[in-house]
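Results of the structural survey
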Amino acid sequence: MSPSVRLQEMIRVIRGARTQGEERGVIQRECAAIRAQFRQADNGTRSHNLAKLLYVHMLGYPAHFGQMECVRLIASPRYNEKRVGYLGAMMLLDEKQDASLLITNSIKNDLSHSSQYVQSLALCTLACMGSAEMCRDLAPEIDRLLRASNSYIKKKAALCAVHMVRKVPELGELFTPAARSLLSEKNHGVLHGAVVLITELCERNPNTLEQFRKVVPELVLMMKGLVMSGYSPEHNVAGISDPFLQVRILRLLRILGRNNDTASDAMNDLLAQVATNTDSSKTAGSAVLYETVLTVMDIKSESGLRVLAVNILGRFLLNNDRNIRYISMTSLQKIVQTDHNAVQRHRGTIVDCLKDQDASVKRRALELSLALVSAVNIRSLMKELLLFLSSCPPELRAHTTSGIFNAAERYAPSQRWHIDTILHVLTTAGGDVRDETVPNLIQLITTATELHCYTVHKLYRALITDISVQSLVQVACWCIGEYGDLLLRGECEETEPVQVTEDDVLDALETVLQSHMSSPATRGFALTATMKLSTRITHNVDRIRSIVSIYGSCIDVELQQRAVEYNALFKKYDHMRAAVLERMPVIDKSSPGHTNGESAGGTIKELEPTKLTHEIVFPQEPSNQVSDENDFNKLCVTVYEKNGVTLKLQTDRQTDTGMTVTLTATNSTDGDITGLTLQAAVPKSVQLQMKAPSGDVIPAHGLGQVTQTVLLNNPNKVALNSVSSWSPHACAHQQWTKNVLPSPPGESED
């Protein structure tokens with residue numbers, strides 16, 4: 001290719017390259033020829049070569065060696081060379097390049113040029129890449145051009161002033177008087193530039209904002225003229241008179257009317273007129289109406305006008321353009337908290353958008369539908385959401401389940417409806433629910449005392465139908481373990497009773513334990529449920545003992561530990577098994593200490609002191625009895641669990657005449673607990689030694705624990721019945737103390 005080829009020929013050759021390597025070769029040869037010609041004297045081809053270099057730059061190849069050529073061409077007296085030079089400066093230079101400072105003087109000279117087109121080139125370049133230093137130096141020139149008589153120059157000067165204000169905000173004071181005078185112009189281009197400049201000034205300076213609030217009536221008249229004007233070929237766009245200027249004026253009115261009653265009142269009638277008279281069948285009209293809605297919602301508008309704005313967004317939901325539907329729902333999402341009833345009128349249309357094929361529209365429709373849920377429409381709207389859940393995309397399933405759970409917890413009409421809804425969600429999308437769903441549902445079931453029989457029957461049916469949904473299986477196992485006696489009784493008023501035998505229930509739990517689909521946590525639920533059933537059934541205790549013993553050698557450490565502890569209950573502490581495995585008490589989430597992970601906030605109220613008396617019987621063994629290596633020699637009992645504090649006693653049987661007892665205290669509340677003390681009562685024949693505690697402060701959020709060791713010496717081998725009691729008190733600064741009741745008659749307190 002000849003070095004002197006025209007731009008069009010170079011473009012044709014580059015586009016004809018069959019490989020990227022061939023394209024690089026063509027560009028490298030042409031760039032070498034351009035460099036060589038740049039080093040020669042002016043031969044009239046500089047602008048031609050720079051134009052080719054700019055095309056190379058657009059393709060992503062380096063063209064920095066043309067920066068100085070841009071400076072030379074800008075200084076040229078020829079318009080065609082200035083035009084290419086300024087274009088090159090906008091593309092190849094920025095404020096970080098030293099070469100940009102070299103064109104400051106040329107721009108200043110061209111701003112005073114006799115030709116408006118040369119002035120226009122300088123204004124466009126300065127507005128594109130002017131640095132802060134250039135803006136400060138040339139700001140007086142721009143202010144002078146804002147007051148010129150040429151509308152073409154004033155329009156470009158106004159846009160250049162916008163760039164300067166963004167670069168150097170303090171220059172706004174210089175341009176404020178000229179910007180105010182531009183509003184009296186008739187030329188739409190000048191008005192557009194003036195409105196953009198005033199908007200920028202008002203957003204950056206509160207004092208300027210107060211000044212321009214006085215021109216609201218003038219802006220209102222300007223807007224009315226656009227809305228009510230007849231057909232004008234010069235400004236008409238799809239039947240709308242200059243929608244670009246209308247949108248800019250509406251944005252400025254939104255800023256001026258925000259948090260100001262006087263300015264808002266002055267524009268209320270105008271906004272109602274625009275909302276009523278603008279045709280929304282075309283995109284241009286929709287743009288104007290959308291800006292009108294945003295303005296109505298942002299200023300202190302009348303209630304009727306706000307309803308009209310919501311209705312406009314409701315009409316947008318019926319538009320065939322998905323982009324319009326999307327922005328409509330985005331706006332409704334912002335409005336729903338303040339104008340809930342107005343948005344409710346369009347609930348049917350919003351729900352229909354859940355069936356849209358576009359993923360973005362579907363997501364917005366889901367978020368808006370969840371926001372519309374209330375105590376009045378919870379049943380009907382939840383049916384639609386559950387139907388959507390059964391067919392929604394995988395990426396929306398977790399968000400849908402979370403929203404349904406939150407709505408059900410807030411507005412559930414009854415506990416049975418609440419339980420049925422959550423079970424339906426677990427059956428449909430159990431793998432996508434949050435981690436806290438299982439404990440939350442368990443808490444809900446425990447509080448619904450009259451529904452225990454109904455719930456255990458329903459969960460049992462779900463368990464024998466499908467064990468792939470882990471969260472559902474976990475809740476089912478827990479419920480069967482707690483209320484298995486109600487299931488075996490076969491009597492349930494709320495649902496059709498099912499005759500279930502003990503073997504049927506154990507078969508279901510054993511299936512969960514043996515299934516490859518069950519996670520370790522799920523197996524733990526199933527094993528615990530199996531163990532609890534040992535106190536709720538009458539004929540299959542030996543089978544339960546066999547199941548538990550199998551998992552004593554399980555590869556999963558957590559499951560193995562549970563099985564070993566349960567096996568120890570069967571072998572050594574069988575007399576305690578019924579008490580240890582008794583039914584869980586009802587959990588009250590509203591009670592102090594049960595914050596569900598949320599801070600209660602505010603002042604901590606004083607809690608009523610509560611007392612807990614817990615008797616621990618330490619069985620004794622003959623000294624000649626040999627312990628089995630597989631037996632578990634420790635007993636860990638939770639003796640206190642209330643108000644966020646958990647106390648555990650762990651016994652360690654060392655000899656037939658001595659024993660070690662360890663107290664462990666943890667704290668799940670939001671504040672540290674201080675002043676922890678422990679006292680114990682034992683028979684006179686037993687010697688007791690209490691070691692120093694590890695501390696007296698229990699850290700909040702379970703971040704630490706306090707332990708204390710107690711040594712018991714029992715030379716006479718008498719039965720040890722330790723009766724201990726704690727009275728926790730919560731003060732305003734979260735300080736707790738633990739005291740013990742007086743010793744029973746015949747016992748001493750050490």
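Quick caveat, the model's predicted, so the values are computed rather than measured.

Remarks on the overall build of the protein chain
Across its full length, the protein chain carries 33 helices and 13 strands. Counting the 750 residues in the protein chain, one finds 48% classified as buried. Counting contacts in the protein chain only where the partners sit at least 6 residues apart, residues at least 24 apart contribute 66% of the total. Total accessible area computed for the protein chain in this model is approximately 36,400 Å², and 50% of it derives from carbon and sulfur atoms.

Describing the packing of helix α8 (residues 116–129) against helix α9 (residues 132–146)
Relative orientation of the contacting elements α8 and α9 amounts to 135°, with a least axis distance of 12 Å. Relative to α9, α8 is oriented oblique. Crossing geometry of α8 relative to α9 is assigned as left-handed. Seen from α8, the contacting residues are Gln 119, Leu 123 and Leu 126; seen from α9, they are Met 134, Leu 138, Ile 142 and Leu 145. Among the residues making up the contact of α8 with α9, the classes are represented as six nonpolar, one polar and no charged.

Section: the nonpolar core
With 179 residues, the main nonpolar core has Ile 103, Ile 142, Met 164, Phe 175, Val 343 and Ile 445 as its most contacted residues. The leading source of residues in this core is helix α28 (residues 470–489), at 11 residues. Not counting chain neighbours up to four residues away, the residues in contact with Val 343 comprise Val 310, Leu 332, Ile 335, Val 336, Ile 350, Leu 368 and Leu 372. Core analysis: the second largest hydrophobic core is formed by 21 residues, Val 645, Met 659, Val 661 and Leu 712 among them.

Some remarks on the environment of Val 168
Residue position: Val 168 is located in the loop between α10 (151–167) and α11 (172–182). Taking the relative accessible area as the measure of exposure, Val 168 reaches 1% and is therefore buried. Spatially, the C-alpha atoms of Val 168 and Arg 136 are 7.6 Å apart, while their sequence positions differ by 32 residues. In this structure, Val 168 is in contact with Ala 132, Cys 135 and Arg 136, ignoring residues within four places of it in sequence.

So, the pattern of salt bridges
Under the counting rule described, the total for this entry stands at 33 salt bridges. Of the charged contacts in the structure, one is a salt bridge between Arg 364 and Glu 367, with a shortest N-O distance of 3.1 Å. Within this pair, Arg 364 and its partner Glu 367 are both found in helix α22 (residues 359–371), separated by three residues, close to a single helical turn. Note on Glu 367: relative accessible area 21%, which makes it partly exposed. One continuous salt-bridge network, built from bridges that share partners, spans Asp 503, Asp 507, Glu 510 and Arg 543.

A few points about the packing of helix α2 (residues 20–39) against helix α3 (residues 46–58)
Where α2 meets α3, the closest approach of the two axes is 10 Å, and the angle between their N-to-C directions is 150°. Handedness of the α2/α3 crossing: left-handed. For the pair α2 and α3, contact is made by Ile 27, Glu 30, Cys 31, Ile 34, Gln 37 and Phe 38 and by Arg 46, Asn 49, Leu 50, Lys 52, Leu 53 and Val 56, respectively. Across the contact of α2 with α3, the residue classes tally to seven nonpolar, two polar and three charged.

As for α9
Over its 15 residues, α9 extends 20 Å from the first C-alpha to the last, a length consistent with the 21 Å expected when each residue adds 1.5 Å. Along α9, the sharpest kink reaches roughly 55°, centred on Leu 138 and followed within four residues by the proline Pro 140. When we look at burial in α9, the residues that qualify are Ala 132, Met 134, Cys 135, Leu 138, Ala 139, Glu 141, Ile 142, Asp 143, Leu 145 and Leu 146.

Quick notes on the confidence of the model for the protein chain
The share of residues in the protein chain with pLDDT of 70 or more is 85%, and the mean pLDDT across the chain is 81. For the stretch residues 591–633, pLDDT sits under 50, and the model shows 86 contacts to residues farther than four places along the chain or on other chains. Under a pLDDT of 50 for its full length, residues 721–750 has, in the predicted model, 95 contacts with residues more than four places off or in other chains.

Some points on the environment of Ala 665
The topology assignment puts Ala 665 in strand β6 (residues 658–667). Classification of Ala 665 by relative accessible area gives buried; the value is 0%. Separated by 24 residues in sequence, Ala 665 and Glu 641 place their C-alpha atoms 9.8 Å apart. Non-local contacts of Ala 665, meaning those with residues more than four positions away in its chain, are made with Thr 646, Leu 647, Leu 676, Ile 698, Gly 704, Gln 705 and Val 706.

A few points about the side chain of Asn 377
Among the secondary structure elements, Asn 377 is positioned in the loop between α22 and α23 (378–389). When its relative accessible area of 5% is taken as the criterion, Asn 377 is described as buried. Only 3.1 Å separates the side chain of Asn 377 from the backbone oxygen of Leu 372, close enough to count as a polar contact. At 2.8 Å, the side chain of Asn 377 forms a polar contact with the backbone nitrogen of Ser 374. Beyond its immediate stretch of four places on either side in the chain, Asn 377 contacts Gln 344, Arg 347, Leu 372 and Met 382.

A word on the side chain of Asp 242
Structurally, the position occupied by Asp 242 is in the loop between β2 (240–241) and α15 (243–257). Buried and unpaired, Asp 242 has no salt bridge, with Arg 248 as the nearest side chain of opposite charge at 9.6 Å. A polar contact is formed between the side chain of Asp 242 and the side chain of His 188, at a distance of 2.8 Å. If we ignore the near neighbours within four places in the chain, the residues touching Asp 242 are His 188, Leu 226 and His 235.

A word on unusual backbone geometry
Although it is not a glycine, Asp 242 sits at a positive phi angle of roughly 45°. Even without glycine at this site, Asn 259 takes up a positive phi of about 60°. Looking at the element boundaries, Asn 259 is found in the loop between α15 and α16 (261–277).

Considering the packing of aromatic side chains
By the definition in use, this model includes two aromatic pairs. Between Trp 478 and Tyr 483, the aromatic rings sit 5.9 Å apart at their centres with planes inclined by 80°, giving edge-to-face as the arrangement. Its relative accessible area of 15% is what places Trp 478 among the buried residues. Given the relative accessible area of 1%, Tyr 483 is considered buried. Above the plane of the ring of Phe 65 lies Arg 35, whose end atom (NZ or CZ) is 4.1 Å from the centre. Sitting above the plane of the Tyr 454 ring, Arg 416 keeps its charged end 4.2 Å from the centroid.

Some thoughts on helix α14 (residues 216–228)
In a regular helix each residue adds 1.5 Å, so 13 residues correspond to 18 Å; α14 covers 18 Å between its end C-alpha atoms and thus fits that length. Looking at the buried residues of α14, the elements they touch are α12 (188–204), α13 (206–212), β2, α15 and α16.

Points about the state of the cysteines
Two cysteines joined by a covalent bond between their sulfur atoms form a disulfide. Applying the stated criterion across every chain yields a total of zero disulfides. Considering cysteine sulfurs only, Cys 135 is the nearest to Cys 160, which forms no disulfide, with 6.9 Å between them. On the basis of relative accessible area, Cys 160 is assigned to the buried category, the value being 0%.

Section: the environment of Asp 504
Residue position: Asp 504 is located in helix α29 (residues 502–514). The spatial distance from the C-alpha of Asp 504 to the C-alpha of Leu 488 is 9.6 Å, given a sequence separation of 16 residues.

Topic: the pairing of β6
On any regular strand, side chains alternate: one points to one face of the sheet, the next to the other face. With respect to burial, β6 is a largely interior element, seven of its 10 residues being buried. Here β6 runs beside strand β11 (residues 705–713); their pairing, made up of nine bridges, is antiparallel. The residue of β11 that forms the bridge with Met 659 is Leu 712.

Conventions adopted
Residues numbered from 1 in each chain as written. Predicted model: local features only at pLDDT ≥ 70, side-chain atom pairs only at ≥ 80, totals over all residues. Heavy atoms only, no water. Helix = DSSP H or I, 4+ residues; strand = E, 2+ residues; numbered from the N terminus. Buried < 20%, exposed > 50% of the residue type's maximum accessible area, 1.4 Å probe, protein only. Contact = heavy atoms within 4.5 Å. Areas by Shrake-Rupley, 256 points an atom, 1.4 Å probe, with all protein chains shown as cover. Axes fitted to C-alpha atoms, helices over the stretch in contact; angles between N-to-C directions. Parallel < 35°, antiparallel > 145°, perpendicular 65-115°, else oblique. Left-handed = near helix turned anticlockwise from the far one by under 90°. Nonpolar A, V, L, I, M, F, W, Y, C, P; charged D, E, K, R; others polar. Core = buried A, V, L, I, M, F, W, Y, C linked by side-chain atoms within 4.5 Å. Salt bridge = Lys/Arg side-chain N within 4 Å of Asp/Glu carboxyl O. Expected span 1.5 Å × (residues − 1). Bend = angle between axes of the 7 residues up to and from the residue. pLDDT = per-residue confidence, 0-100. Polar contact = N/O pair within 3.5 Å; in protein donor to acceptor, adjacent residues only side chain to side chain. Lys, Arg positive; Asp, Glu negative; His and termini not counted. Phe/Tyr/Trp six-rings, centres within 6.5 Å; stacked < 30°, edge-to-face > 60°. Lys NZ or Arg CZ within 6 Å of the ring centre and 35° of its normal. Disulfide = S-S within 2.5 Å. Pairing = 2+ DSSP bridges.

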